[in-house]
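What follows is each chain in one-letter form.
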Amino acid sequence: MQNQISPIILSFGASDPVGATGLFADLASFAAMGCHGLPVVTAILTGDTSQIDGIHPLDADLIDEQARTVLEDMPVLTIKVGQVGSVDNVTTIAEIVSDYPEMPLILDPFNTAITDHIPDAEDLTLSIRELLIPQATLLLISAVELSRLAETWKENAEPEDLTADAMALIDSGCEYVFVTGTPCNSGEVANTLFSESGIVRRDVWQRVSGSHAGAGSTLSAAITALLATGLEIPEAVMEAQEFTMAAVSHAQQLGMGKLIPDRYFWAREPEH
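Residues numbered from 1 in each chain as written. Predicted model: local features only at pLDDT ≥ 70, side-chain atom pairs only at ≥ 80, totals over all residues. Heavy atoms only, no water.

- Per an unreviewed UniProt entry, the protein chain is named hydroxymethylpyrimidine kinase, and its organism is Undibacterium aquatile.
- Taken from UniProt, the Pathway (unreviewed entry) comment for the protein chain reads in full: "Cofactor biosynthesis; thiamine diphosphate biosynthesis." (UniProt positions renumbered as here; feature names shortened; annotations may be inferred.)

As structure tokens, then:
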């Protein structure tokens, strides 16, 4: 008798040699949640724990071949899109996910640390807004990144309005927008989930001291995995935040730079 297989997730993202962000963060978080990840490499990062030095996108045809081959072979339940690397890659990924509209799509494509290394960053942002965000079940984006994204449709005179910006993305077709780093008291971090009805939930956490790399990737990957296991969006968002806060609280100093979240903290906790 065959055992029940783990929920399978297809993840598009960058290869990070540090294992802090991108696909390796996804795979570790998926495994911690009992899921199996299928990594589709969109770009290769160079750098260390201190900083990302460069991003080298892969050819779009290679991304298409990677993804469609495994999609035809295995029963994928959920798709996650992280760092895409180039406008051509966005077009290819958008075409792929449009062929699987029944699968939830979790989108986490913006990383401020990488943006400075992309020569056509503005065009890339615009292509993500036009081709991927309207297909997303959930977009995860920081408040800073949301403000920058809003500049692609706002007039210069328009004031910054986080709620209005999130609702504009929902009006474009995105089902949920989860904004991290929303306004809160000093020493705390707040994250806010929006849907077409407005604010769904707002969660406030004590800020963990130190400089970390990969917390955002861990959060979006955990949400994706929890959806694959059957949770609804609001519950998945809450549990993923709890998991991410624990991983960050147990972060390790693996190099001379930033701390890396420990997605397997639970395996190293002493038994009582």
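Next, the rest of the story.
1. What to know about the sheet that holds strand 7 (residues 176-182)
For step 1, the next point in the chain: The sheet built from 9 strands is open, its strands ordered 3-2-1-4-5-6-7-8-9 with mixed pairing. In this open sheet, the two strands that pair with only one neighbour each are strand 3 (52-57) and strand 9 (198-206). In this sheet, adjacent strand axes meet at a mean angle of 20 degrees when their direction is disregarded.
For step 2, the next point in the chain: Where strand 5 (residues 105-107) and strand 6 (residues 138-142) come together, 2 bridges link them in parallel fashion. Bridge pairing in strand 6 places Ile 106 opposite Leu 138.
For step 3, the next point in the chain: Of the strands in this sheet, strand 1 (8-15), strand 2 (36-47) and strand 4 (76-81) touch helix 2 (residues 60-71), which is tilted by about 165 degrees from strand 2.
For step 4, the next point in the chain: Those strands touched by helix 7 (residues 162-171) are strand 6, strand 7, strand 8 (188-195) and strand 9, and its axis lies near 40 degrees from that of strand 8. (Pairing = 2+ DSSP bridges. Helix = DSSP H or I, 4+ residues; strand = E, 2+ residues; numbered from the N terminus. Axes fitted to C-alpha atoms, helices over the stretch in contact; angles between N-to-C directions. Contact = heavy atoms within 4.5 Å.)

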